[in-house]
Amino acid sequence: MNVVLKFVRFYGYRGLRIVKGSMQYVWDDSGRKYLDCHAGHGAAFLGHSNPAIVEAVVRQARELVAASSSFSTPSLEEALTEFSRIAPPWAEEIVFLNTGTEAVEAALKAAWLATGKRGIVALKNSFHGRTLASLSVTWNPRYRRGVPVLDTRFLSPSTDPGEVEKLVPEDTAAIIVEPIQGEGGLTKIYAELAKALREAADRVGALLIFDEIQTGFGRTGRVWAHESLGVEPDIMTAGKSIAGGLPASAVLSREGVLATLASGRHGSTHAANPLSMAAVAAASRFLREEGVPDKARAAGALLEGLLRDRIEGLRLVRGVRGEGLMLGVELRLDPGPVLRCLQESERVLALRSGATVVRLLPPYSISREDAEMVVYGLERCICGGSGC
Ligand SMILES: Cc1ncc(COP(=O)(O)O)c(C=O)c1O
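Residues numbered from 1 in each chain as written. Predicted model: local features only at pLDDT ≥ 70, side-chain atom pairs only at ≥ 80, totals over all residues.

Chemist: Talk me through the domain arrangement of the protein chain; I want residue IDs and the actual numbers.
Modeler: What the domain assignment reports for the protein chain is domain 1 (18–42 + 292–386) and domain 2 (51–289). Here the C-alpha centre of domain 2 lies 26 Å away from the C-alpha centre of domain 1. Taken residue by residue, the interface counts 20 residues in domain 1 and 22 residues in domain 2. Where the side of domain 1 that touches domain 2 is concerned, the elements lending two or more residues are helix H1 (39–42), helix H10 (292–310), strand S11 (317–323), strand S12 (326–331) and strand S15 (357–360). (Domains from an automatic or database assignment. Contact = placed C-beta atoms within 7 Å. Helix = DSSP H or I, 4+ residues; strand = E, 2+ residues; numbered from the N terminus.)

So, in structure tokens, the structure goes:
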């Protein structure tokens, strides 16, 4: 007799069975259509079942699905060519992995090996993943409880840049930050703090890591969000949408950093597998040829403008934050009921960030009507019975 296995959900169940997706929309099993500003935690930024990605993946699936990166494959070569065209100018090395947390693990390991030091510095409210090293630099005590994480020094995102020098110890191997804190309330790191962290890293010989897993790949209106900071890191992580929704992540570094992971110092069975690499190649080409960052910037400006006009002034709203199509509405109440109302009454899927923020991570392709649907829906859901 078969056992009945109970699926353990990592995330709270949203009570919806999604059966189909097309660009910014998904459909449930009774045919109801939703505007998807959750987008699989942001993985579908290029749209659900984007035809350019689907075609590349189907073609690849017919040719070759599994091969270790001990071997060359055309899809790995193509992924390298296409990703090089959108990579930041300071990057010289790359590894591919499967998930965001794996990319952060590899980035930290490379920093330890390249510097010979142990210490790590991160920011309060950070989120970098939930495996051991990445959890160690994730701030939320609720995620860390009961797990023997590594020692991390957490600095406030509002630290005075003049204080940073004192707060970064000599034994620091890595300083890791998100350009905009995706899970921690959409707080943007300010340029002076980024510069001070860069200087502190240089002073003690640590490596600066920008985690662009959520901010990267066009979402903020630039290919990489850190372009707006005027500061270059030594290592960058990318993930979520870089394979158009399939699992793939990447770490990029200056010369000699990721090289420490070669020849058995790191590994992952599915890393750089042909199917994901075909998807990375197609997604990177699509991003560049379709001008996705520019489109995200324009759509983001429209959505943000509407949020500022209609939502920001509401009594129950503290403010609107974010950049491009990574936007948040900070409420004076728990976002849970608002998210439920959006899903059930307005057919808009969104997600939370931190304790009080409704986060919107829509695909780049959202239209003016979509933006209006989000904003009018939010207005009704926030005001609800209580009035605004
Ligand atoms: C900035 C950042 N880093 C790391 C991660 C972890 O990525 P994954 O869930 O793919 O492991 C996330 C996921 O939300 C993220 O936003």
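From this point, the discussion proceeds with the structure in view.
Chemist: Lay out the UniProt feature "binding site: substrate" in the protein chain in plain terms, naming residues and giving numbers.
Modeler: Within the UniProt annotation, "binding site: substrate" is assigned to Arg 130 and Ser 268. Relative to the assigned elements, Arg 130 resides in the loop between strand S5 (119–123) and helix H5 (132–136). Taking the C-beta count within 10 Å as the criterion, Arg 130 has 16 such neighbours and is therefore assigned partly exposed. Beyond its immediate stretch of four places on either side in the chain, Arg 130 contacts Thr 101, Leu 135, Thr 138 and Tyr 143. Note on placement: Ser 268 falls in the loop between strand S10 (249–253) and helix H9 (274–289). Not counting residues within four places of it along the chain, the set of residues in contact with Ser 268 comprises Leu 97, Asn 98 and Glu 102. (UniProt positions renumbered as here; feature names shortened; annotations may be inferred. Buried ≥ 20, exposed ≤ 12 C-beta atoms within 10 Å, placed from the backbone.)

Chemist: Kindly report on the pairing of strand S2 (residues 25–28), identifying the contributing residues and their values.
Modeler: Of the pairings in the sheet, the one linking strand S1 (residues 18–22) to S2 comprises four bridges and is antiparallel in character. Across the sheet, Lys 20 pairs through a bridge with Trp 27, a residue of S2. Hairpin connection from S1 to S2: two residues lie between these consecutive antiparallel strands, with Met 23 at a positive phi of about 50 degrees. Both S2 and strand S3 (residues 33–36) contribute to a ladder of three bridges, which runs antiparallel. Within S3, the position partnered with Trp 27 by the bridge is Lys 33. (Pairing = 2+ DSSP bridges.)

Chemist: Requested: an account of the site of the ligand, with residues and values cited.
Modeler: If you check the shell around the ligand, you find 15 residues, and the closest are Gly 100, Thr 101, Gly 129, Ile 213 and Gln 214. The element that contributes the greatest number of residues to the shell around the ligand is helix H4 (residues 100–115), accounting for three residues. When its residues are assigned to classes, the shell around the ligand shows three nonpolar, nine polar and three charged. (Near = placed C-beta within 6 Å. Nonpolar A, V, L, I, M, F, W, Y, C, P; charged D, E, K, R; others polar.)

Chemist: I'd like a rundown of the UniProt feature "modified residue: N6-(pyridoxal phosphate)lysine" in the protein chain, residues and numbers included.
Modeler: Look at the UniProt record and you will see "modified residue: N6-(pyridoxal phosphate)lysine" annotated at Lys 240. Apart from the residues within four sequence positions on either side, Lys 240 is in contact with His 41, Gly 42, Ala 43, Phe 45, Gly 100, Ile 213 and Gln 214.

Chemist: Tell me about unusual backbone geometry, and please be specific about residues and values.
Modeler: Positive phi values are uncommon outside glycine, yet Lys 240 reaches one of about 45 degrees. Examined against the element boundaries, Lys 240 turns out to sit in the loop between strand S9 (235–238) and S10. Using a count of 27 C-beta atoms within 10 Å as the deciding quantity, one classes Lys 240 as buried. Its identity is not glycine, yet Ala 272 carries a phi of approximately 60 degrees, on the positive side. Residue placement: Ala 272 occurs in the loop between S10 and H9. Assessed through the 25 C-beta atoms surrounding it within 10 Å, Ala 272 is described here as buried.

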